[in-house]
Amino acid sequence: MAYTYDPENIFAKILRGEIPNRTVMETEHTLAFEDIYPQAPIHVLVIPKGPYVTYDHFASDASDAEILDYTRTVAAICKKLGVEGDGWRMISNAGQNGVQEVPHLHVHILGGRGLGRMLAKV
Ligand code: AMP
């Protein structure tokens, strides 16, 4: 399917500087900031600066430079946060079934405590 990007989503506003954020790391193509409602002692969101809705949209349409920058930035953030030793989890919610609230690609990086099994029964 073709994705349509909504430039009024809250992360687009963060990227334009219209809403503040607690930046963890910024590169040419990527911004990482603390989640406003942290669900673990470490809860960081990593977003590309380009207009991508979901991970598959990004992986399909972004340039090699954007994808490389994004991927390497995740590694740099893990190093900065010191999560490699104890372990951590990366989540990317997409669309209705994935219960994605903000329609701009983000991965959640979670750590700092045991995170339980991957999915709870609903
Ligand atoms: P998702 O359900 O994967 O779309 O998650 C969206 C995430 O964005 C949630 O964990 C929210 O707490 C987080 N969030 C929403 N608004 C902001 C904001 N202004 N700054 C930081 N995180 C936010």
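Attention here is on the structure that accompanies the text. If you're wondering where the values come from, they're calculated on a predicted model, not measured in any experiment. (Residues numbered from 1 in each chain as written. Predicted model: local features only at pLDDT ≥ 70, side-chain atom pairs only at ≥ 80, totals over all residues. Heavy atoms only, no water.)

Some details on the site of the ligand
- The full set close to the ligand counts 16 residues, and Asp35, Asn93, Glu101, His106 and His108 are the nearest of them.
- With respect to the ligand, the backbone of Ile36 contributes an N or O atom lying 3.1 Å from a nitrogen atom.
- Side-chain polar atom of His108 to an oxygen atom of the ligand: 2.8 Å apart, as the coordinates give it.
- Here the ligand has 510 Å² of accessible area as a free molecule, and 89% of this is covered by the chains.
- Contributions of two or more residues to the shell around the ligand are made by helix H1 (10–15) and strand E2 (30–34).
- Here the shell around the ligand is composed, by residue class, of nine nonpolar, four polar and three charged. (Near = heavy atom within 4 Å. Polar contact = N/O pair within 3.5 Å; in protein donor to acceptor, adjacent residues only side chain to side chain. Areas by Shrake-Rupley, 256 points an atom, 1.4 Å probe, with all protein chains shown as cover. Helix = DSSP H or I, 4+ residues; strand = E, 2+ residues; numbered from the N terminus. Nonpolar A, V, L, I, M, F, W, Y, C, P; charged D, E, K, R; others polar.)

Remarks on helix H3 (residues 64–81)
- Taking 1.5 Å per residue, 18 residues should reach 26 Å; H3 reaches 26 Å between its end C-alpha atoms and fits that length.
- The complete set of buried residues in H3 reads Glu66, Asp69, Tyr70, Thr73, Val74, Ile77 and Cys78.
- Residues of H3 that are buried sit in contact with strand E1 (23–26), E2, strand E3 (42–48), helix H2 (55–61), strand E4 (88–91) and strand E5 (107–111).
- Among the residues trailing H3, Gly82 stands out with phi positive, at a value near 70°. (Expected span 1.5 Å × (residues − 1). Buried < 20%, exposed > 50% of the residue type's maximum accessible area, 1.4 Å probe, protein only. Contact = heavy atoms within 4.5 Å.)

Thoughts on the environment of His106
- Within the element layout of this structure, His106 appears in the loop between E4 and E5.
- For His106, a relative accessible area of 5% puts it in the buried group.
- Note: C-alpha distance between His106 and Gly17 (89 residues apart in sequence) is 17 Å.
- A distance of 2.7 Å separates a polar atom in the side chain of His106 from the backbone oxygen of His104.

So, the pattern of salt bridges
- Throughout the structure, instances matching the rule amount to four salt bridges.
- For Arg22, the salt bridge identified is with Glu34, shortest N-O distance 3.3 Å. With Arg22 in the loop between H1 and E1 and Glu34 in strand E2, this residue pair connects regions lying 12 residues apart in the sequence.
- By relative accessible area, Arg22 is classed as exposed at 59%.
- Relative accessible area serves as the criterion here: at 38%, Glu34 is assigned to the partly exposed category.
- Each of Glu8, Arg16 and Glu18 takes part in one network of salt bridges that share partners. (Salt bridge = Lys/Arg side-chain N within 4 Å of Asp/Glu carboxyl O.)

Points about the sheet that holds E4
- Overall, antiparallel pairing links the five strands, which are arranged E1-E2-E3-E5-E4 in an open sheet. Among the strands making up the open sheet, the edge pair consists of E1 and E4. Across this sheet, the average inter-strand angle for adjacent strands is 20°, counted without regard to direction.
- Relative to E5, E3 is paired through five bridges, and the arrangement is antiparallel. (Pairing = 2+ DSSP bridges. Axes fitted to C-alpha atoms, helices over the stretch in contact; angles between N-to-C directions.)

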